[in-house]
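Chain residues, written in single-letter form:
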Amino acid sequence: AMLESPTGTGKTLCLLCAALGWRRHRQQQVAEARTSWEKQAEEGAPTLSAGTPRIWYASRTHSQLKQVVAELKKTSYKPWSVVLGSREHFCVHTSVSRHTGASQNARCKRARDENRCPFYTGFKRGGSSKVNTSLLDIEEIVTACKEKMICPYFKCREDAKEAELLLIPYDYLINPTTRESMGVSLKDAILVFDEGHNIEKSCEQAASFELRSADIGGAITELDDAFDILESEGPICEEALGDMTTDQLMAHINLLKKNLCNLEDSLLAVKLSRDPTTERTMSKAPGSHILEIFGRSGRLGDGICAKDAQRINLIVRKAITVLTYSQDSTSSGGLNLDKLQSLLAVMFTPQPAELDKNYQVLVYEESEEEPKKGGTKRKAVDFFGDMTTAAAREGKPRTLCLWCFSCSVALQQLEQLGVHSLIVTSGTLSPMDGTIESFGVPFPVVLENKHVIDPSKQLWGGVISNGPDGVSMEASFKHCREPAYIRDLGKVVQNLASFVPDGLLIAFHSYKQKEDVLKAWRQSGLYDEITSRKPIFDEPKGNREMQLTMEGYSRALNREMPAGTGTGGAILAAVCRGKLCEGIDFTDRQCRMVIMVGIPYPNRNDLRVILKQSFLDSRGNQGDGRAWYTREAIRAVNQTLGRVIRHRNDFGGVLLCDTRYAKDGRLAPIARGLSSWLAPSVSVLPSFEAAGG
């Protein structure tokens, strides 16, 4: 089912209570069927072998799940619940908690094997019964387990085997590697994905990967490090290798390094050309071309094929164990090898025909401006003698991408696991037809809920095409830097700040636009004129800075204004798809009006955006790519405008500040994708003055 219900309509509680109530009823039916022939004969009765489905409630982040737990505590249902997450969220061991990813996993195993983790020891000795994880959020679970000297990670994994309700960030369910690592079956489960407007992107990212020349070089360096450790500390590492000897692992490391050197050669052998659309030196190909790049034999031997994946995964795990087993190991801790392991799982899971249907391969030269992240510097010493790879000999570094452009890949995998129900919900799934089409799986039940407010009394909406001085409010790439536009936009904000009470949220389509506009306002003096009415708080990118910004904003809203000095309040300058427009819950005075500046189209210069449009056009009808591009923009608009109403007694206004939202005095086609509860309240204003009428 796909359910759109605005924020404040109680969708979280409705879904939780409905799912828990249905589960209790089903549990009763199963129990009765096992003791009564009459009940077994009833139509629709569960079979004797049927179990009771469990409920997986997934949201985007742990902070959102914390809100779900808080809502659950208000109900009469007291299910056995547990929050699941990674070691990074749960680990309380002094040294292991400082690491991440594969390195943390390996260090955790070593600490457990050597009885150096008092929290795991407490868990194994039966101490887990001292902590009840039900109706606790992740922070409360960690605190409770730490006080009782119990490992929170393994405690939650144990409870997950029997719990009625499992709460989890949805990336953990979508990513097959993470999902399998939990060791919990999804057969007959009820899956609820809240904040579902982000699922399309998450599904595609989980089925994609990018591999840079530096990543391959970093993985080879980690193999070098593991080889050196085995040479010098072999006997010490023996117990960590299991049924494999030191000599055997060293031989396998040699073979894997040859595979990776061949991969570097193969990547540089791909013929690139200048692409006129992106102005990048690159090569595009159908998804199955990735198998050719990895499988190509080279001067050092064979390439990497599907039959090699199991061997490579085993060697990678062993090498990472060795790297983390040595106290003097490399600081990378096997991060590049871990990335290699993950991408092999992505690449060899689909069949070649599926790769061509849903994926594209891209190889491009990295520009000098791109940040040099990831990877590690290659060692001068090569244990194959004087052989150096092609990447070390010549050419610019390259990036290899296997990008999935259909979220149906991940959703169909969930269906194949035999789930009972799949429910996707959000306050902003509109436009619904396009969203359902993009998901690629059938949704027989579709609901667009109305709001609990009376829009005629609690919501005002308008579109303005021109500012106070008559300048067109078109914030396209061509016009948004024009001084006249920026000045008149400032006058729009200045005028609204003089009569809109409390909080005013200005949403720009990008950080660059926000920074350019605020800078120009400061230079012209408009900034001071605006802040004389309401102080402006600028959305930062860091978490700590965000907390300080919101604290200052709250203080400004609560300050007492002398009589006759204005409306008070404050202004938040935010960015569409940023934290303020996506993850912050504004209530009452915190947001009385949202000004949407421009149309937040995805970055037109982003390679992934360009390729997805091209992919959709080639797979379906010409124009499908543009339709997706527009749908992404209006969905971001709906998410932003939804900040203004958060509960049934709330009220506020929205202003779409761009001429492209209007056409011939009516809403333009793009504005018809506004959420169904919002669209009827939005009208095209004849002039800016009408906004204050």
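Residues numbered from 1 in each chain as written. Predicted model: local features only at pLDDT ≥ 70, side-chain atom pairs only at ≥ 80, totals over all residues. Heavy atoms only, no water.

K.L.:
Would you mind showing me how to read helix H15 (residues 309–325) here?
P.N.:
Since the α-helix turns once every 3.6 residues, residues separated by three or four places project in the same direction. Along its 17 residues, H15 runs 24 Å from first to last C-alpha, staying within 8% of the 24 Å computed at 1.5 Å per residue. A large share of H15 lies buried, amounting to twelve of its 17 residues. Among all positions of H15, only Ala309, Arg311, Ile312, Ile315, Val316, Lys318, Ala319, Ile320, Val322, Leu323, Thr324 and Tyr325 are buried. (Helix = DSSP H or I, 4+ residues; strand = E, 2+ residues; numbered from the N terminus. Expected span 1.5 Å × (residues − 1). Buried < 20%, exposed > 50% of the residue type's maximum accessible area, 1.4 Å probe, protein only.)

K.L.:
Help me understand the nonpolar core in this model?
P.N.:
As a rule of thumb, soluble globular proteins bury nonpolar side chains together. Trp56, Leu173, Leu191 and Phe193 are the most contacted members of the largest nonpolar core, which has 72 residues in total. In this structure leucine 191 touches Trp56, Leu173, Leu186, Leu414, Val419, Ser421, Leu422 and Ile423, once residues within four positions along its chain are discounted. (Core = buried A, V, L, I, M, F, W, Y, C linked by side-chain atoms within 4.5 Å. Contact = heavy atoms within 4.5 Å.)

K.L.:
Teacher, can you tell me more about the packing of aromatic side chains here?
P.N.:
Within a pair of aromatic rings, the relevant descriptors are the distance that separates the centres and the angle that separates the planes. Taken as a whole, this structure holds ten aromatic pairs when the rule is applied. Between tyrosine 601 and tyrosine 629, the ring centres sit 5.0 Å apart and the planes meet at 5°, which makes this aromatic pair stacked. One end of the pair, tyrosine 601, is in the loop between strand S17 (593–597) and helix H27 (607–619); the other, tyrosine 629, is in helix H28 (residues 624–641), with 28 residues separating them in the sequence. The ring of tyrosine 527 has arginine 522 lying over it, and the distance from NZ or CZ to the ring centre is 4.5 Å. (Phe/Tyr/Trp six-rings, centres within 6.5 Å; stacked < 30°, edge-to-face > 60°. Lys NZ or Arg CZ within 6 Å of the ring centre and 35° of its normal.)

K.L.:
What's the story with helix H19 (residues 408–416) in this structure? I'm lost.
P.N.:
Those residues of H19 not exposed but buried are Ser408, Val409, Ala410, Leu411, Gln413 and Leu414. Immediately downstream of H19, the backbone of glycine 418 shows phi near 85°, a positive value.

K.L.:
Just checking my understanding: could you explain the sheet that holds strand S7 (residues 273–275) for this structure?
P.N.:
Each strand in a sheet pairs with its neighbour through backbone hydrogen bonds, running either in the same direction (parallel) or in the opposite one (antiparallel). In space, the five strands of this open sheet follow the order S6-S10-S9-S8-S7, with antiparallel pairing throughout. Here the strands that pair on one side only, and so sit at the sheet edges, are strand S6 (209–212) and S7. Along the sheet, successive strands turn relative to each other by an average axial angle of 35°, direction set aside. Across the sheet, helix H13 (residues 246–269) is in contact with S6, strand S9 (359–365) and strand S10 (398–404); its angle to S10 comes to roughly 85°. (Pairing = 2+ DSSP bridges. Axes fitted to C-alpha atoms, helices over the stretch in contact; angles between N-to-C directions.)

K.L.:
Whenever I open this one, empty space enclosed by the protein confuses me. Can you help?
P.N.:
Gaps left between atoms show up when a probe the size of a water molecule is rolled over them. Taken as a whole and judged by the stated rule, the model has two cavities of 30 Å³ or more. For the largest cavity, the lining is made up of 16 residues, of which Cys91, His93, Cys108, Cys117 and Cys151 are closest to its centre. When residues of the lining of the largest cavity are traced back to their parent elements, those giving at least two are helix H4 (87–90), helix H5 (101–113), helix H6 (118–124) and helix H8 (152–160). Among the residues forming the lining of the largest cavity, the class breakdown is 13 nonpolar, one polar and two charged. Considering only enclosed or pocket space, the second largest cavity measures out at about 40 Å³ in volume. Every residue along the wall of the second largest cavity is listed here: Leu211, Asp215, Ile216, Ala219, Leu260, Asn336, Lys339, Leu340 and Leu343. Going through the elements one at a time, helix H12 (213–237) and helix H16 (335–348) are the ones with two or more residues in the lining of the second largest cavity. (1 Å grid on protein atoms, 1.4 Å probe; cavity = no way out; pocket = protein on both sides within 12 Å on 5 of 7 lines; lining within 4 Å. Points joined across faces, edges and corners; volume = space filled by probe spheres on them. Nonpolar A, V, L, I, M, F, W, Y, C, P; charged D, E, K, R; others polar.)

K.L.:
Would you explain the environment of glycine 642 in this entry?
P.N.:
Inspection of the secondary structure puts glycine 642 in the loop between H28 and strand S18 (652–657). Residue classification places glycine 642 among the buried residues on the basis of a relative accessible area of 12%. In the structure, glycine 642 is positioned 60 residues away from glutamate 582 in sequence and 9.5 Å away in space, judged by C-alpha atoms.

K.L.:
Whenever I open this one, the pairing of strand S2 (residues 55–59) confuses me. Can you help?
P.N.:
Side-chain positions along a regular strand alternate between the two faces of the sheet. Of all five residues in S2, five are buried; the element is thus mostly enclosed. Because side chains alternate across S2, one face comprises the buried residues Ile55, Tyr57 and Ser59, and the other comprises Trp56 and Ala58, equally buried. Two strands pair when backbone bridges link them, and S2 and strand S4 (residues 165–169) are joined in this way by five bridges, in the parallel orientation. Looking at the pairing, serine 59 lines up with proline 169 of S4. Where S2 and strand S5 (residues 190–193) come together, four bridges link them in parallel fashion.

K.L.:
Can you help me understand the side chain of serine 208 in this one?
P.N.:
Positionally, serine 208 belongs in the loop between helix H11 (199–206) and S6. A polar contact of 2.8 Å, which involves the side chain of serine 208, links it to the backbone nitrogen of cysteine 404. Other than its neighbours up to four places away in sequence, serine 208 contacts Val346, Leu402, Trp403, Cys404 and Arg608. (Polar contact = N/O pair within 3.5 Å; in protein donor to acceptor, adjacent residues only side chain to side chain.)

K.L.:
So what exactly am I meant to see when it comes to the sheet that holds strand S1 (residues 2–4) here?
P.N.:
Pairing within the open sheet is parallel, and its seven strands lie in the order S3-S4-S2-S5-S11-S1-S12. Every other strand in the sheet has two partners, leaving strand S3 (81–83) and strand S12 (446–448) as the edge strands with one partner each. Between one strand and the next, the sheet's axes are offset by a mean angle of 15°, whatever the strand orientation.

K.L.:
Sorry, what's going on with the layout of surface pockets here?
P.N.:
One number sums up the size of the second largest pocket: a volume of about 1900 Å³. Broken down by secondary-structure element, the contributors of at least two residues to the lining of the second largest pocket are helix H9 (170–174), H11, helix H23 (511–524), H27 and H28. Tallying contributions element by element places H28 first for the lining of the second largest pocket, with seven residues. Considered class by class, the residues forming the lining of the second largest pocket number 17 nonpolar, 13 polar and 19 charged.

K.L.:
I'm lost on the environment of arginine 481 in this one. Help?
P.N.:
For arginine 481, the location among the structural elements is in the loop between strand S13 (459–464) and helix H22 (483–499). For arginine 481 and leucine 674, which are 193 residues apart along the polypeptide, the C-alpha to C-alpha distance reads 27 Å. Filtering out sequence-adjacent residues up to four positions away, arginine 481 remains in contact with Ile486, Lys512 and Asp516.

K.L.:
Help me understand the packing of helix H7 (residues 138–147) against H8 in this model?
P.N.:
Two quantities define a packed helix pair, namely the angle between the helix axes and the distance between the axes. Relative to each other, H7 and H8 sit at 115°, their axes nearing to 9 Å. Taken together, the axes of H7 and H8 lie roughly perpendicular to each other. H7 and H8 meet at a crossing whose hand is right-handed. Where H7 abuts H8, its residues Ile141, Val142 and Cys145 lie against Pro152, Lys155 and Cys156. Looking at side-chain class alone, the contact of H7 with H8 contains five nonpolar, no polar and one charged residues. (Parallel < 35°, antiparallel > 145°, perpendicular 65-115°, else oblique. Left-handed = near helix turned anticlockwise from the far one by under 90°.)

K.L.:
Quick question: what am I supposed to make of the pattern of salt bridges here?
P.N.:
Two side chains carrying opposite charge are able to pair once their charged atoms lie near each other. Scanning the model with the defined rule gives 27 salt bridges in all. For lysine 512, the salt bridge goes to aspartate 516, with nearest N and O atoms at 2.7 Å. Here lysine 512 pairs with aspartate 516, and both are found in helix H23, just four residues apart, close to one helical turn. The exposure class of lysine 512 is partly exposed, given its relative accessible area of 45%. (Salt bridge = Lys/Arg side-chain N within 4 Å of Asp/Glu carboxyl O.)

K.L.:
I'm lost on the packing of H13 against H15 in this one. Help?
P.N.:
Remark: H13 packs on H15, axes separated minimally by 10 Å, with the N-to-C direction vectors making an angle of 115°. In this structure, H13 crosses over H15, and the sense of that crossing is left-handed. The segment H13 lies against H15, with Leu249, His252, Ile253, Leu255, Leu256 and Asn259 engaging Arg311, Ile312, Ile315, Val316, Lys318 and Val322. Across the contact of H13 with H15, the residue classes tally to eight nonpolar, two polar and two charged.

K.L.:
I'm lost on the pairing of S18 in this one. Help?
P.N.:
Summarising burial for S18: six of the six residues are buried, a large majority. Along S18, one buried face is formed by Gly652, Val654 and Leu656 and the opposite face, lined by Gly653, Leu655 and Cys657, is buried too. For S13 and S18, the ladder comprises six bridges, and the chain directions are parallel. Its bridge partner being in S18, tryptophan 460 is matched across the sheet by glycine 653.

Everything listed is a geometric property; what it means functionally is a separate question.
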